[in-house]
Amino acid sequence: MSQTSTGLPTREEIQAEYKWRVEDIYANEELWQVDFKKIKDDLPKIAEYKGSLSQSADKLAACLKLRDEINIICGKLFAYARLHRDENSADAKYQALVGKMEGLLAEAGAATAYIEPEILAMAEDTLSAFRNKPSLADYNFYFDNLARQKEHVLSPAEEEILSRSVEVTQASETIFNMLAHADIKFPELTGEDGKTITLSEGRYRSLIMSSDRRVRKDAFSGLFGTYNDFRNTFAATLAGNVKKSIFYAQIRKYNSTLESALSEGNIPLAVYTNLIDTVTNNLAPLHRYVALKKKALQLDSIHMYDLYTPLAKEVTFNIAYTEGQKLVRDALAPLGSEYADILNKGLTSGWIDVYENKGKQTGAYSWGVYSVHPFVLLNYNDRLEDVSTLAHEMGHAIHSHYSQANQPFSKSQYTIFTAEVASTTNEILLNDYLLKNTTDKQKKLYLINQYLEMVRATVYRQTMFAEFEKDIYDKAESGETLTADLLDGMWHELNVKYYGVDITVDKEIDIEWARIPHFYWNFYVYQYVTGYAAATTLADKMLQEGVGAQQRYIGFLKSGGSDYPINILKNAGVDMSTPQPVELTLNKFSYMLDELEKLTTKS
Ligand SMILES: [Zn+2]
């Protein structure tokens, strides 16, 4: 079943077996209202514990358990409202429920805000005596994690000022978003079909891949030329955001902004610096890829606007949903029979909302609902990337399933650092499976091209971003002013370094830093690389080593948020504080380049 965007079915027209069962959360809205009222009643109860947490272990345990219960129920209430709303955003009823829930979540946040400062203020020997009590056993990791932050928490009055300052200090990011996503206007250009189109960020992504060089060059100059017109404003918003992060890091007594950002997940600094060093030492395969592209596209000189051009012709796969499910099942067989059973359950028991319908939320996501089951939103449309998305989102969903089935609520939430490992491992296994089982040369070329572009965009490009981020913070922390000229120069040099001597690093690219929203997320992007490298390593181990590696992997999925991400991954068999995972990933990239060369040279 596939639809054009004009002829979308209504939600009622979709068969029940392709729709998720939100009724598994609440069978009807009356039951939702009952729980909503229950939380309203519970909030004054949790406020009553204020000031008494150090009295006894039982009191502390009762308070934390009540908070868990509130969070679990709020999770169900919110999911029910949001999932229904995403089925059809035009439905005002669920819009209203989402609004009500946002209000309730804010109330719950305010009612429980005293808990952590109060625990942190407790005398150390009191807390360590409490911690030995069985009633608090589920909270051992929570206490450890909290204690780590103790030296970075300020007095209540200072904390109050800091929390009120956020509204003011986020102005740089708000202005960036307004300029980049609302006010900026891109020029018109002539498309592949000779028709005039107005350039946009969204359109740029497909235009830059055009096989018509004139089109991609025009899109490139049009996009970056426009950003360049606002270069000083963009430099000011980025510099303002950097100053904001430095301000909070210094006030919280961290040695650097990077250290402050990594401390959230207790990630060692070496993970970040090793990543940049390892990629720096392994740029040769990327340079080779650039040279190969130049040759394959028959160019005298390769420019920045040629980088995204695919080396393989677009291949239509046309994979019906039943067939897509089968591919995912087969590709994920290395994860073992228990995983296969859960996958099967997910595919057949109302976890997934498969097809597009009028008003449905676009894209895809997985949403774990504690004590119910995960939900997966898809917009499946028979393309290969839809099968990949199914594998990816089921990776998240099964990770949630395992975490929630094996951990108490207090340890069930996994971090971003590990989340994308579970989903990407599935994508990598699918890609490997398809490559092994595809004999058609064009399809094979297409798959290899997809793989190479994935590694270029995820590993090389995001590490370049991570290096840029580190460099601008180093400069700002040592007192330099981040001007447009300085940022342009740094970006240019990084492009020369990463893409090598074969490419002409066009002047226009220098302003590219201005369009990257992630630079406002404060040392976030490196996790795309670490996640991908960890997933590559774990998938490789399962394929090479079999059962032992597979059981360690399932152990990783079961561990949820019961330990720091680096330890969880180490137990699974991948040590992110060493260069090996990134090296292995780039060796595989190199191997795939060989495969590509073999396929393109012999005819
Ligand atoms: Zn994901």
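Below you will find a few notes about this structure. (Residues numbered from 1 in each chain as written. Predicted model: local features only at pLDDT ≥ 70, side-chain atom pairs only at ≥ 80, totals over all residues. Heavy atoms only, no water.)

### A look at the pattern of salt bridges
Under the criterion given, the structure shown has 38 salt bridges. Salt-bridge contacts for E29 lead to K93; the nearest nitrogen and oxygen are separated by 3.4 Å. Of this pair, E29 sits in helix 1 (residues 29-47) while K93 sits in helix 3 (residues 92-112); the two residues are 64 residues apart in sequence, bridging distant segments of the chain. The partly exposed category is assigned to K93, whose relative accessible area is 44%. In this structure, E385 engages R383 in a salt bridge whose closest nitrogen and oxygen atoms are separated by 3.7 Å. Judged by relative accessible area, R383 falls into the partly exposed class, the value being 40%. Residues joined in a network through salt bridges with shared partners are E201, R205, R461, E512 and R515. (Salt bridge = Lys/Arg side-chain N within 4 Å of Asp/Glu carboxyl O. Helix = DSSP H or I, 4+ residues; strand = E, 2+ residues; numbered from the N terminus. Buried < 20%, exposed > 50% of the residue type's maximum accessible area, 1.4 Å probe, protein only.)

### Points about the nonpolar core
Counting 142 residues, the largest nonpolar core has Y321, I352, F468 and W513 as the members making the most contacts within it. Top element by residues in this core is helix 19 (residues 441-477). It accounts for 16 residues. Discounting chain neighbours no more than four positions away, the residues touching F468 are L238, L487, M490, W491, L494, W513 and F519. (Core = buried A, V, L, I, M, F, W, Y, C linked by side-chain atoms within 4.5 Å. Contact = heavy atoms within 4.5 Å.)

### Considering the coordination of the zinc ion
Every protein donor of the zinc ion is listed here as H392 (NE2), H396 (NE2), E420 (OE) and E420 (OE), and their distances to the metal cover 2.1 to 2.5 Å. One can describe the donor arrangement at the zinc ion as irregular, given that its four donor atoms subtend angles of 51 to 139° at the metal. Sequence spacing of the donors to the zinc ion: H-x3-H-x23-E. A residue pair is termed a helical-turn pair when its members lie 3 or 4 positions apart in one helix, as H392 and H396 do in helix 17 (residues 384-406) at four residues. (Donors = N, O, S within 2.8 Å, 3.2 Å for Na, K, Ca; no water. Tetrahedral: all angles 85-135°; square planar, octahedral: opposite > 155°, others 65-115°.)

### Digging into the packing of helix 13 (residues 269-281) against helix 19
One way to put it is that helix 13 packs onto helix 19 with a least axis distance of 10 Å and a crossing angle of 125°. When the axis of helix 13 is compared with that of helix 19, the two are oblique. Relative to helix 19, the crossing made by helix 13 is left-handed. For the pair helix 13 and helix 19, contact is made by Y272, T273, L275, I276, V279 and T280 and by V459, Y460, T463, A466, E467, E469 and K470, respectively. Residue composition of the contact of helix 13 with helix 19, by class: seven nonpolar, three polar and three charged. (Axes fitted to C-alpha atoms, helices over the stretch in contact; angles between N-to-C directions. Parallel < 35°, antiparallel > 145°, perpendicular 65-115°, else oblique. Left-handed = near helix turned anticlockwise from the far one by under 90°. Nonpolar A, V, L, I, M, F, W, Y, C, P; charged D, E, K, R; others polar.)

### Some points on the environment of D91
One can find D91 in the loop between helix 2 (57-87) and helix 3. D91 gets classed as partly exposed once you look at its relative accessible area, which sits at 29%. When the C-alpha positions of D91 and Y380 are compared, they lie 22 Å apart, and in sequence the two are 289 residues distant.

### Considering the packing of aromatic side chains
Scanning the entire structure with this criterion turns up 39 aromatic pairs. Centre to centre, the rings of F465 and F519 are 5.4 Å apart; their planes meet at 65°, and the pair counts as edge-to-face. Taken together, the residues span a long stretch of sequence, with F465 in helix 19 and F519 in the loop between strand 7 (503-504) and helix 21 (526-545) at a distance of 54 residues. What makes F465 buried here is its relative accessible area of 3%. When the centroid spacing of 6.0 Å and the interplanar angle of 75° are considered together, the rings of W491 and F519 count as edge-to-face. Placement of the pair is W491 in helix 20 (residues 484-499) and F519 in the loop between strand 7 and helix 21, with a sequence separation of 28 residues. For F519, a relative accessible area of 1% corresponds to the buried category. (Phe/Tyr/Trp six-rings, centres within 6.5 Å; stacked < 30°, edge-to-face > 60°.)

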